[in-house]
Amino acid sequence: MKHHKFASKPPLGWNSWDCYGASVTEAEVRGNADYMAAYLKSSGWEYIIVDIQWYEPGANSSTYRPFVSLEVDAYSRLIPAVNRFPSSADGNGFKDLGAYVHSLGLKFGIHIMRGIPRQAVHANTPILGTNFTARDIAHTNSICPWNTDMYGVDPTKEGAQAYYDSLFQLYAEWGVDFIKVDDIAASRLYHIHLDEITLIRKAIDNCGRDIVLSLSPGPAPLEYAEHLKANANMWRMTDDYWDLWQLLHGMFERCEKWYPHVGEGHWPDCDMLPLGHLGIRSVDGGGSDRWTRFTKDEQVTMMTLWSIFRSPLFFGGELRDNDVWTLALLTNKEILEVQQNSHSNKLVYSEGNRIVWTAKNNNNETYAALFNIGEEMDTVRITMEQLGLSGILKVKDLWSGEEVGTIQNEWGPEIPPHGSRLVKLY
């Protein structure tokens, strides 16, 4: 499928939600883009994503203000709030911000909610290029339970496709490379919105620009995996994920269910990496202004699981505040090689608190990720037979870069609670 080529490898980027909630400003986006260009671009990081409510002038946290006035153009389309994104003045939208991100050699993305603004429906504004209005296509019983900005679009109505086409024509004009669509993969009230996903897929195909499509929130229903692959590049396997061990613990089961559907251009998504400086103006996830609550062992475990599973990686913290440790987590060349280029990724076993995954690289070398998700120090073993290997092989620890010995029959390191090892056998 053509759109699979838009994200042939799992994307790497930054998203504004974990640190700024709905309130990020243009200056903060530009500042994080500058950091990515200086410190992360050489490691393959490239996407800068403005998350939800960039059209809400008064947004000040991750708490949505209900039924407030939003910035909407004459054709029922949300546009950036000028007080937060000054370069959007005079109908410029995100053109200048997108161009700035592109000038750094990076890619630009935005978050949208599915549907059409309630404000446009109430004003009954037109749909660009048609005789239809917002009221003609709105599904006013299809609402989001946690955000009041939108009504759903009724896919059976004439003008529905034209509305989504007009949205993505606008985003293409802005230079958008990535769209995260929310309240669509697993709506709390209505399950998955298959027909609106199809409308959006067609709109991207019609807009003339290669735009990566990410669907939220999760957990996306496993039974619709083929529909998701046929229409999107990423879809969330989880509801909002935060820096809490129980959420990381639960991700192992999600990865076990979804790994058969990982493939070129279609990536089940473990959600963002809540690392570094979080919660600056976001109170979601039960926290406030803080550094990640994950221990260092838990941070390594999360990066190891996301990488051996080949989840997209989207950093959620304020990049400019990164310390040496956090930057090292994001720029380990061999870990990113696993996440970007490994294949044949699969679970070897999950027995109690011991979990092992494996994958191959293009030199036919074998990766093994060993996890201890328990509360005590434990020995996690892997045998040559389980990996389909024979002979004597060297073992290299990919996080430390150190050679740790050889394996002939089995290898069983001691791993601390909530800890992991990721090694290459060759």
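Since the model is a prediction, treat every value here as computed from it, not as a measurement.

*Asks:* What is the right way to look at the environment of Ser8 in this model?
*Replies:* With respect to the helices, strands and loops of the structure, Ser8 is situated in the segment before strand 1 (12-15). Through-space distance from the C-alpha of Ser8 to that of Val212 is 10 Å; in sequence the pair is 204 residues apart. Not counting residues up to four positions away in its chain, the partners in contact with Ser8 are Glu264, Gly265 and Trp267.

*Asks:* Can you walk me through the sheet that holds strand 5 (residues 138-143) in this structure?
*Replies:* By way of backbone hydrogen bonds, the strands of a sheet pair with one another, either parallel or antiparallel. A sheet is described by the order of its strands in space; here 3 strands give the open sequence 4-6-5, paired in antiparallel fashion. The two strands at the open ends of the sheet, each matched to only one other strand, are strand 4 (116-117) and strand 5. Summarising the sheet, strand 4 and strand 6 (residues 150-153) pair through 2 bridges and their orientation is antiparallel. Each residue of the ladder has a partner; that of Pro117, found in strand 6, is Met150. Packing of helix 6 (residues 160-174) onto the sheet brings it into contact with strand 4 and strand 6, and relative to strand 6 it is tilted by some 120 degrees.

*Asks:* Could you clarify how one ought to interpret the UniProt feature "domain: Alpha galactosidase C-terminal" (unreviewed entry) in the protein in this entry?
*Replies:* UniProt tags residues 352-425 as "domain: Alpha galactosidase C-terminal" (unreviewed entry). Structurally, residues 352-425 is divided into 5% helix and 53% strand, and its ends, taken at the C-alpha atoms, are 25 Å apart.

*Asks:* What's the story with the packing of helix 10 (residues 296-309) against helix 12 (residues 333-341) in this structure? I'm lost.
*Replies:* For any two helices packed against each other, one specifies the crossing angle of their axes together with the interaxial distance. Taken N-terminus to C-terminus, the directions of helix 10 and helix 12 make an angle of 40 degrees; their axes are 6 Å apart at the nearest point. In contact with Trp306, Ser307 and Ile308 of helix 10, helix 12 contributes Ile335, Val338 and Gln339. Taken together, the residues of the contact of helix 10 with helix 12 sort by class into 4 nonpolar, 2 polar and no charged.

*Asks:* What should I look at first to understand the pairing of strand 7 (residues 178-182) in this one?
*Replies:* Note on strand geometry: in a regular strand, side chains alternate between the two faces of the sheet. Most of strand 7 is tucked away: 5 of the 5 residues are buried. With burial as the criterion, each face of strand 7 is covered, one bearing Phe178, Lys180 and Asp182 and the other bearing Ile179 and Val181. Pairing of strand 7 with strand 8 (residues 212-215) involves 4 bridges; the strand directions are parallel. The residue of strand 8 that forms the bridge with Val181 is Leu215. Handedness of the β-α-β unit built from strand 7, helix 7 (residues 194-207) and strand 8 comes out right-handed.

Quick notes on the rules
- Residue numbers here run from 1 along each chain, matching the order of that chain's written sequence.
- Only residues with pLDDT of 70 or above have their local features reported here, since the model is predicted, and side-chain atom pairs are shown and tallied only from 80 upward, although totals for entire chains, interfaces and linings are computed over all residues.
- Calculation of side-chain values draws on the structure's entire complement of heavy atoms; hydrogens and water are dropped beforehand.
- In this description a helix means any DSSP run of H or I spanning at least four residues, a strand means any run of E spanning at least two, and both kinds are numbered starting from the N terminus.
- Only heavy atoms enter the contact rule, under which two residues are in contact if any of them lie within 4.5 Å.
- We call two strands paired when DSSP finds no fewer than two bridges between them.
- Orientation is described by lines fitted to C-alpha atoms, with helices fitted over the stretch in contact, and by angles between N-to-C directions that extend from 0 to 180 degrees.
- UniProt positions are given in the numbering used here, feature names are shortened, and annotations may be inferred rather than shown by experiment.
- In this classification, the charged set is Asp, Glu, Lys and Arg, the nonpolar set is Ala, Val, Leu, Ile, Met, Phe, Trp, Tyr, Cys and Pro, and all remaining amino acids, among them Gly, are polar.
- Per-residue accessibility, obtained with a 1.4 Å probe over protein chains only, is compared with the maximum for each type, and a residue is labelled buried under 20%, exposed over 50%, and partly exposed between these values.
- Crossovers are described as right-handed under a simple rule: with the strands pointing away from the observer, the path leading from the first strand over the helix to the second runs clockwise.

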